[in-house]
Amino acid sequence: MPNLITRTTLRCVLAAMSLSTLSLAAKAESTPVPTAAEFEQCKLNLGEKAVAAGVSQATVASVMADVEHLDRVIELDRRQPEFTTTFADYLNRRVNDARVSKGREMLEQHHDLLNRVTAETGVPAPYLAAFWGLETNYGSYFGKMQVPSALTTLACDARRSRFFTEQLIAALRIIDEGAIPAEQMEGSWAGAMGHVQFMPTVFLKHAVDGDGDGRRDLWNSLPDAMMSAGRFLQSMGWDGDYRWGREVLLPDNFDFSLADGRRLPLSEWRALGITDAFGHPLANEPVNAALIVPSGHEGPAFLAYSNFRVIMGWNRSEFYAIAVGHLADRIAGAGTLQSPPPETQPALSRKQVLELQQTLNDKGYPSGKPDGILGSNTRKAIRAYQKAEGLVADGFPSEQVLGALGVYTGT
C-alpha cells in the first residue's frame, strides 16, 4: 500500500524544497523576447546566412519580407506541461477505436500505394499508416502556423537559436526548389510539416518525389509523403523481416532490474520464463530485444526489437514508439493489449519530478541535473534506490517510492 502523507509532512516537504530546484522550472520562461527592432535585425542576419548557404536572393527577399514574429510560437515553446503524462493516458488518447478503424480504412483505400512503398523500402503498410495516423490523424490536421514565420521567431529567440536557424534555412531551400509556395508552407509551431510532419532538415535529406511530378510535396501528395516516410525509416535501418516488438507476460517474482535497456537474445528472455502475451513460448529467432515496462511492474511489458529503435529515431519517446507499434498491430487486425496499463497511477507535476530528482541525488542515487523530466537517468536512480530498499526494481516512480522518498503526490 502507498505510504500515507500527513499534512504536517507535506508542509515540511514543501519547506525543504530548495530555491535552486524550483528555479529550474521557470528557467525557460526567463529568456527575453526580442524587441521589434531586434527582430528586424535578426531577420536581416538570417537572410544573409540563408544566401550564404545557397538560397537564392529572390527567395530570401520575398519570404523574409512577409515573416512576422509569432507571439503564440514563443508561448508554446515556453510552455512546459504542468503534469507528466502517464502511459495509460498517452496510449489511450492515441490508439483508440476511432483511429484504428480509420487506419484500417486508409490501409484498404490506399492499398496499391502503401504496398508499393513497402516493396521499395521494406516498411510494412500498417506501420506507414500508424505513423500517418499519429502524426496528422491521417492527414486531417497539418498545423496552422506559417512555417517561415514560426521558424524565424524561434531562430531569433536565444534558447535554441542555432537549431532553428538551421531549420529556417532548410525551409527556405525547400521553397527555393519549388516544392511549395511560401504562403502554403503551414505546419506545427516548431516547423514540422506535411502528412508525416517532417522537420525541414529531414525533408531536405529524405523527402522524395513519389508521384513523378518533379516536386517533393508532402502537403498535397500522399505518394510523396508515404514514400518519404518509408525512405526515412529505411535510412535508419528498418528491418523488414521483423516487427517492432511485442507485448509479453512475465513470470512471478521476475527480476525487473533487467528492464534497464539491456538487449538480450530472445532465447535468454525465454529461459527467464517470459512468454508472449497469450502464454505461448517466444520464438527461437536470432533476435535481440530489450524489456520495457512503461507503467512499472503493475502494467504491461514489452520486448522491443531493433525496429523499435528505428521508430525512436523518428521521435525520441518510448511512449511514442510503443504507440506506433501497437497502432500498427491494431490496424493489421490485432486486438487490444492483454494487460492494459493501469489508469490510476498519478501524473506527477514537474515540481514533483524536480523534487524527486533532487531527493535521489541527495540520498546518493545520481539522477543527473534536476530538469523535471523522467528520463533514463532518473529511472536508473530510482531503480538503484529500489534495489537498496528491497523494493521491486522497475525504475518506476510509484506512489510507494514517492511516499518513501517524501515526495507528496496528493491534491
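Structure: above.
Residues numbered from 1 in each chain as written. Predicted model: local features only at pLDDT ≥ 70, side-chain atom pairs only at ≥ 80, totals over all residues. Heavy atoms only, no water.

Thoughts on helix α18 (residues 376-389)
Thought 1: Helix length check: α18, at 14 residues, gives a terminal C-alpha distance of 20 Å against a target of 20 Å (1.5 Å per residue), a fit within 8%.
Thought 2: Among the residues making up α18, those that are buried are Thr 378, Ala 381, Ile 382, Arg 383, Tyr 385 and Gln 386.
Thought 3: Contact partners of the buried residues in α18: α17 (350-362) and α19 (399-405).
Thought 4: Gly 390, located one to two residues past α18, shows a positive phi value of around 75 degrees. (Helix = DSSP H or I, 4+ residues; strand = E, 2+ residues; numbered from the N terminus. Expected span 1.5 Å × (residues − 1). Buried < 20%, exposed > 50% of the residue type's maximum accessible area, 1.4 Å probe, protein only. Contact = heavy atoms within 4.5 Å.)

As for the state of the cysteines
Thought 1: This structure, assessed with the given rule, holds one disulfide.
Thought 2: One disulfide bridge connects Cys 42 with Cys 156, the sulfur atoms lying 2.0 Å from each other. Measuring handedness by torsion sign, the sulfur bridge of Cys 42 and Cys 156 sits at about -100 degrees and is left-handed. Residue Cys 42 is located in helix α3 (residues 36-52), and its partner Cys 156 is located in the loop between α10 (147-155) and α11 (161-176); the two are separated by 114 residues in the primary sequence. Note on accessibility: Cys 42 and Cys 156 belong to one class, buried. (Disulfide = S-S within 2.5 Å.)

A look at the nonpolar core
Thought 1: Core analysis: the biggest nonpolar cluster contains 88 residues, and Met 185, Phe 203, Met 226 and Trp 314 have the highest contact counts within it.
Thought 2: Here Met 226 is in contact with Leu 113, Leu 114, Val 117, Leu 128, Trp 132 and Val 196, once residues within four sequence places are set aside.
Thought 3: Listed in part, the 17 residues of the second largest apolar core include Val 248, Leu 264, Leu 266 and Val 293. (Core = buried A, V, L, I, M, F, W, Y, C linked by side-chain atoms within 4.5 Å.)

Comments concerning the pairing of strand β3 (residues 245-249)
Thought 1: Both β3 and strand β7 (residues 301-304) contribute to a ladder of four bridges, which runs antiparallel. Bridge pairing in β7 places Glu 247 opposite Phe 302.
Thought 2: With two bridges connecting them, β3 and strand β5 (residues 275-276) associate as antiparallel partners. What sits directly across from Leu 249, in β5, is Thr 275. (Pairing = 2+ DSSP bridges.)

Some words on the pattern of salt bridges
Between side chains of opposite charge, a pair can form as their charged atoms come close.
Thought 1: This model, assessed by the stated rule, comprises 16 salt bridges.
Thought 2: Where Arg 78 meets Asp 157, a salt bridge forms, and the shortest distance between an N and an O atom there is 2.8 Å. Taken together, the residues span a long stretch of sequence, with Arg 78 in helix α5 (residues 71-78) and Asp 157 in the loop between α10 and α11 at a distance of 79 residues.
Thought 3: Assessed through its relative accessible area of 2%, Asp 157 is described here as buried.
Thought 4: With a shortest N-O distance of 3.5 Å, Arg 215 and Asp 217 are connected by a salt bridge.
Thought 5: Overall, the relative accessible area of 2% leaves Asp 217 in the buried class. (Salt bridge = Lys/Arg side-chain N within 4 Å of Asp/Glu carboxyl O.)

Things to note about the sheet that holds β3
Thought 1: Pairing is antiparallel across the open sheet formed by five strands, whose spatial order is β4-β6-β7-β3-β5. Every other strand in the sheet has two partners, leaving β4 (263-265) and β5 as the edge strands with one partner each.
Thought 2: In the sheet, strand β6 (residues 288-292) pairs with β7 via three bridges, with the strands oriented antiparallel. By the bridge assignment for β7, Ala 290 is matched with Ala 304.

A word on the environment of Ser 257
Thought 1: Following the sequence through the fold, Ser 257 ends up in the loop between β3 and β4.
Thought 2: Separated by 123 residues in sequence, Ser 257 and Lys 380 have C-alpha atoms that sit 9.4 Å apart.
Thought 3: Contacts of Ser 257, omitting those with residues within four sequence positions, involve Arg 262, Arg 383, Lys 387 and Ala 393.

What to know about the pairing of β6
Note on strand geometry: in a regular strand, side chains alternate between the two faces of the sheet.
Thought 1: In terms of burial, β6 is a largely internal element, four of the five residues being buried.
Thought 2: The pairing of β4 with β6 spans three bridges and is classified as antiparallel. Bridging across to β6, Arg 263 finds its partner in Ala 290.

Worth remembering: the numbers are spatial, not functional.
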